[in-house]
Amino acid sequence: TQLLEQSPQFLSIQEGENLTVYCNSSSVFSSLQWYRQEPGEGPVLLVTVVTGGEVKKLKRLTFQFGDARKDSSLHITAAQPGDTGLYLCAGGAYDTNAGKSTFGDGTTLTVKP
Amino acid sequence: NAGVTQTPKFRILKIGQSMTLQCTQDMNHNYMYWYRQDPGMGLKLIYYSVGAGITDKGEVPNGYNVSRSTTEDFPLRLELAAPSQTSVYFCASSTTTGGTQYNEQFFGPGTRLTVL
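In this text the structure is predicted, and so the values were computed from the model without any measurement. (Residues numbered from 1 in each chain as written. Chains lettered and ligands numbered in written order. Predicted model: local features only at pLDDT ≥ 70, side-chain atom pairs only at ≥ 80, totals over all residues. Heavy atoms only, no water.)

### Quick notes on the overall build of chain A
What counts is decided by this rule: Numbering of helices and strands starts at the N terminus; helices are DSSP runs of H or I of at least 4 residues and strands are runs of E of at least 2. In this treatment the radius of gyration is a C-alpha quantity, and the globule benchmark scales as 2.2 Å times the residue count to the 0.38 power. Each residue gets one of three labels from its accessible area relative to the maximum for its type: buried under 20%, exposed over 50%, partly exposed in between, using a 1.4 Å probe on protein chains only. Every accessible area reported is derived by Shrake-Rupley at a probe size of 1.4 Å, with residue values counting cover from the shown protein chains alone. His is not counted here, nor are the chain ends, while Lys and Arg score as positive and Asp and Glu score as negative. Where a charge sits is defined by one atom per residue type, namely NZ (Lys), CZ (Arg), CG (Asp) or CD (Glu).
A count of helical and extended segments in chain A gives zero helices and 11 strands. For chain A, the α and β elements follow one another from N to C terminus as β-β-β-β-β-β-β-β-β-β-β. Relative to the globule expectation of 13 Å for 113 residues, the C-alpha radius of gyration of chain A, 14 Å, shows essentially globular dimensions. Principal-axis analysis of the C-alpha atoms gives chain A an extent of 45 × 30 × 20 Å. Here chain A holds 113 residues, and the buried ones make up 46% of them. Per element, the accessible surface of chain A, about 5300 Å² overall, is 49% carbon and sulfur. Separation of charge centres in chain A, based on 9 positive and 11 negative side chains, amounts to 4 Å.

Written out as structure tokens, the structure is:
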């Protein structure tokens, strides 16, 4: 069974601060996604990383896939209250399990004005 | 484009009752999934399907059943509801891009189920 551990579990910061969320595993993934989920809604895809060492930027969000494709990080610069939500990482399985993802338990981010 | 729709949004069941959670997607995606999410937790895969007529178990399939007779629909059946099935249920779909499955999933709004 592939496991994904996210840290920290909870994060409460002031508007304007920077933060990094981590997603770690002992397994290798074919791809890794980050999602954001707001209360009462389903997760929404933010980004997919596929290549080891890959870095993608989405406005103030920077996503990195580890060289060995076992871990990832999400860095938010100058956080805003609109960034508040549950951030989930998900790793894609290989081969016969292609199409299945393992989800981490998430990081709950609160950005205070 | 509606994406993934789920009904109902909320439901309260008594122990031992049965119900079907409906899920429909209009994106012609071949992969569909059912997850449950307990408070403060991530998503646990219940069942998934790689296409019409094909289903497979996920991490937590006990107490649930699925069918996939069409590309669009993937209903989840709960038989003999138990308090442990109190959760939020999400349906999702995904597809291949250029022949590669990147596992990018599109989620419905969820069904909040309480079993008393």
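Having seen the structure, we can now continue with the description.
### Concerning the packing of aromatic side chains
Put simply, the rule reads: Classification of ring pairs uses Phe, Tyr and Trp, with its six-membered ring standing for Trp, and accepts pairs whose centres are within 6.5 Å; under 30 degrees between planes counts as stacked, over 60 as edge-to-face, and the remaining range as tilted.
Under the defined criterion, the tally for this structure stands at eight aromatic pairs over all chains. Ring centres of Tyr-35 of chain B and Phe-107 of chain B lie 5.8 Å apart, and the angle between their planes is 40°; on these two criteria the pair is classed as tilted. Placement of the pair is Tyr-35 of chain B in strand β4 (residues 31-37) and Phe-107 of chain B in strand β12 (residues 106-107), with a sequence separation of 72 residues. For Tyr-35 of chain B, a relative accessible area of 0% translates into the label buried. According to the relative accessible area criterion, Phe-107 of chain B is buried, its value standing at 12%. Ring geometry for Phe-90 of chain B versus Phe-107 of chain B: centroids 6.5 Å apart, planes at 85°, classification edge-to-face. Separated by 17 residues along the polypeptide, Phe-90 of chain B in strand β9 (residues 87-94) and Phe-107 of chain B in strand β12 bring together distant segments of the chain. These aromatic residues form a ring-pair network of at least three members: Tyr-35 and Phe-103 of chain A together with Tyr-33, Tyr-35, Phe-90 and Phe-107 of chain B.

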